[in-house]
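Residue-level structural notes
What follows is the residue order along each chain.
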Amino acid sequence: MAARGQNRTKIKQQLKEGENGPLNRHWRGVFLDFLAESSNVTKAAEEAGINPSRAYKVRREEPEFAKQWRVALLEGYEHLELETLRRLRVGTKADGPKFDIANALRLLVLHRETVARAQAEQRNVSAAEVRASIDRKVEAIRQQVQDEKRRGAARK
């Protein structure tokens, strides 16, 4: 976040489309909280009352916000990974809203590079080491999915 007294990123009018009323001065915190919760920029922007383009522009121009964004995404992916594991353990049938494990795994794989960089920054280890750790976790989840499918097929 820009420090107090430091100039904020100037936003063009077209990047403000869809924003209603005055901007909440705490939009960055709201945005980052919802980004960590959902891993979804559009949803986080909606919750913060901003156009997603505003968030992307501020990320490009404010290094501290970009760092906080990566940390929020890392937290979001950890939530997704834990939810995927929980659903694998307890099932998905009568467990609330539909949960697509295959798409969750795809999302985790697609964003593993982002996660690796963020984890490397936090832990001060190489991105290659973090990527290898993520690959091991994803492979373990895939194996659990296959085992669950085999058990389901054997019951029929």
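The structure we're discussing is the one just above.
Residues numbered from 1 in each chain as written. Predicted model: local features only at pLDDT ≥ 70, side-chain atom pairs only at ≥ 80, totals over all residues. Heavy atoms only, no water.

1. Some details on the nonpolar core
If you look at the biggest cluster of nonpolar residues, it comprises 35 residues, and the most contacted ones within it are Trp27, Phe31, Leu35, Ile50, Phe65 and Trp69. Among the secondary structure elements, those contributing two or more residues to this core are helix H1 (27-38), helix H2 (41-48), helix H3 (52-61), helix H4 (63-90), helix H5 (101-110), helix H6 (112-123) and helix H7 (127-155). The element contributing the most residues to this core is H4, with nine residues. (Core = buried A, V, L, I, M, F, W, Y, C linked by side-chain atoms within 4.5 Å. Buried < 20%, exposed > 50% of the residue type's maximum accessible area, 1.4 Å probe, protein only. Helix = DSSP H or I, 4+ residues; strand = E, 2+ residues; numbered from the N terminus.)

2. So, the packing of H4 against H6
Put simply, H4 and H6 touch, their axes get as near as 9 Å, and they point 110° apart. As judged from the angle between their axes, H4 and H6 are roughly perpendicular. When you trace H4 past H6, the crossing you get is left-handed. Here Lys67, Arg70, Val71, Leu73, Leu74, Tyr77 and Glu78 of H4 lie close against H6, whose contacting residues are Thr114, Val115, Ala118, Gln119, Glu121 and Gln122. Grouping the amino acids of the contact of H4 with H6 by side-chain chemistry returns six nonpolar, three polar and four charged. (Axes fitted to C-alpha atoms, helices over the stretch in contact; angles between N-to-C directions. Parallel < 35°, antiparallel > 145°, perpendicular 65-115°, else oblique. Left-handed = near helix turned anticlockwise from the far one by under 90°. Contact = heavy atoms within 4.5 Å. Nonpolar A, V, L, I, M, F, W, Y, C, P; charged D, E, K, R; others polar.)

3. Here we look at a negative patch on the surface
A cluster of acidic residues, Asp33, Glu37, Glu46, Glu47, Glu75 and Glu78, forms a negative patch on the protein surface. Examined against the element boundaries, glutamate 75 turns out to sit in helix H4. (Patch = residues over 30% accessible without salt bridge, like charges linked within 9 Å, V, L, I, M, F, W, Y side chains within 5 Å. Areas by Shrake-Rupley, 256 points an atom, 1.4 Å probe, with all protein chains shown as cover. Salt bridge = Lys/Arg side-chain N within 4 Å of Asp/Glu carboxyl O. Lys, Arg positive; Asp, Glu negative; His and termini not counted. Charge placed at Lys NZ, Arg CZ, Asp CG, Glu CD.)

4. Points about the pattern of salt bridges
Across all of its chains, the model carries six salt bridges by this definition. Glutamate 62 is the partner of arginine 28 in a salt bridge, and the nearest nitrogen-oxygen pair spans 3.0 Å. Remark: glutamate 62 occurs in the loop between H3 and H4 and arginine 28 occurs in helix H1; sequence separation between them is 34 residues. Both residues of the pair, arginine 28 and glutamate 62, belong to the buried class. Across the salt bridge formed by aspartate 147 and arginine 150, the nearest N and O atoms sit 2.9 Å from each other. Residue aspartate 147 and its partner arginine 150 are both found in helix H7; the two are separated by three residues, about one turn of the helix.

5. Focus: the packing of aromatic side chains
Under the criterion given, the structure shown has six aromatic pairs. A ring pair is formed by phenylalanine 31 and tryptophan 69, whose centres lie 5.1 Å apart and whose planes are at 50°; its orientation type is tilted. Residue phenylalanine 31 is located in helix H1, and its partner tryptophan 69 is located in helix H4; the two are separated by 38 residues in the primary sequence. Take phenylalanine 31 and tryptophan 69: they sit in the same class, and that class is buried. Arranged with centres 5.3 Å apart and planes meeting at 45°, the rings of tyrosine 56 and tryptophan 69 form a pair that is tilted. Residue tyrosine 56 is located in helix H3, and its partner tryptophan 69 is located in helix H4; the two are separated by 13 residues in the primary sequence. Residue class for tyrosine 56 comes out partly exposed when judged on its relative accessible area of 32%. The class of tryptophan 69 is buried, set by a relative accessible area of 2%. Three or more aromatic residues link up through ring pairs in this structure, and these residues are Trp27, Phe31, Tyr56, Phe65 and Trp69. For arginine 59, the ring lying beneath its charged end belongs to tryptophan 69, and the centroid distance is 4.5 Å. (Phe/Tyr/Trp six-rings, centres within 6.5 Å; stacked < 30°, edge-to-face > 60°. Lys NZ or Arg CZ within 6 Å of the ring centre and 35° of its normal.)

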